[in-house]
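# Structure at a glance
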Amino acid sequence: MTHTPVKDISVTICHDGKIHEIKTYANEYRSLMMLIYDQIYTEGFGECLGMGKCGTCLVEIISSSHELSCYERNEEMTLLRTGITGKEVHLSCQIMIDEYIDGIKVNII
Ligand code: FES
């Protein structure tokens, strides 16, 4: 029996003037929010634990080389409610950790 090697996924997170280069693999975390929540503790981040309702997990995508895989739970309404808009602003809890996120760079808002 052969095993497919697990491919590393690299994610760069900018927060509070620091740059965090994090390695993960597909589905290690349910979402980018869970990765940030686990790896970079930031107070008050991800309060609804991924329901797409609290708006405390906002990130701005600085660069990404693929179209991202996303859940579609309440993102549009929640972004409208926060009043923080922009094509590159997303709820990190709606972004999946899979091969398409590899190489992404985001800024925690
Ligand atoms: S964790 Fe609440 S909206 Fe993302």
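Up top is the structure.
Residues numbered from 1 in each chain as written. Predicted model: local features only at pLDDT ≥ 70, side-chain atom pairs only at ≥ 80, totals over all residues. Heavy atoms only, no water.

### Considerations on the overall build of the chain
Each helix and strand counted, the chain has two helices and five strands in total. Along the chain, helices (α) and strands (β) appear in the sequence β-β-α-β-α-β-β when read from the amino end. For the chain, whose C-alpha radius of gyration is 14 Å, the value lies close to the compact-globule estimate of 13 Å for 109 residues. Along the first, second and third principal axes, the C-alpha set of the chain runs to 50 × 30 × 25 Å. When each of the 109 residues of the chain is scored for burial, the buried share is 39%. Taking contacts inside the chain between residues at least 6 apart in sequence as the whole, the part at least 24 apart equals 63%. For the chain, the exposed area adds up to about 6700 Å²; of that, 50% sits on carbon and sulfur atoms. Where the 9 positive side-chain charges of the chain centre and where its 16 negative ones centre are 2 Å apart. (Helix = DSSP H or I, 4+ residues; strand = E, 2+ residues; numbered from the N terminus. Rg over C-alpha atoms; globule rule 2.2 N^0.38 Å. Buried < 20%, exposed > 50% of the residue type's maximum accessible area, 1.4 Å probe, protein only. Contact = heavy atoms within 4.5 Å. Areas by Shrake-Rupley, 256 points an atom, 1.4 Å probe, with all protein chains shown as cover. Lys, Arg positive; Asp, Glu negative; His and termini not counted. Charge placed at Lys NZ, Arg CZ, Asp CG, Glu CD.)

### Some words on the packing of aromatic side chains
For the structure on display, the rule yields zero aromatic pairs. Above the face of the Tyr71 ring, Arg73 is positioned so that its terminal group lies 4.8 Å from the ring centre. (Phe/Tyr/Trp six-rings, centres within 6.5 Å; stacked < 30°, edge-to-face > 60°. Lys NZ or Arg CZ within 6 Å of the ring centre and 35° of its normal.)

### Here's the deal with helix H1 (residues 32-39)
The complete set of buried residues in H1 reads Leu32, Met33, Leu35 and Ile36. Considered in projection along H1, the buried side chains sweep an arc of 160 degrees and stay on one side of the axis. Against strand S1 (8-15), strand S2 (18-25), strand S3 (58-63) and strand S5 (104-108) lie the buried residues of H1. (Arc of directions from axis to C-beta.)

### Here's the deal with the pattern of salt bridges
The final tally for this structure, using the stated rule, is two salt bridges. Close ionic contact of Asp102 with Lys7 constitutes a salt bridge, the shortest N to O distance being 3.5 Å. In this pair, Asp102 sits in the loop between strand S4 (89-91) and S5 while Lys7 sits in the segment before S1, placing the two residues 95 residues apart along the sequence. With a relative accessible area of 55%, Lys7 lands in the exposed category. (Salt bridge = Lys/Arg side-chain N within 4 Å of Asp/Glu carboxyl O.)

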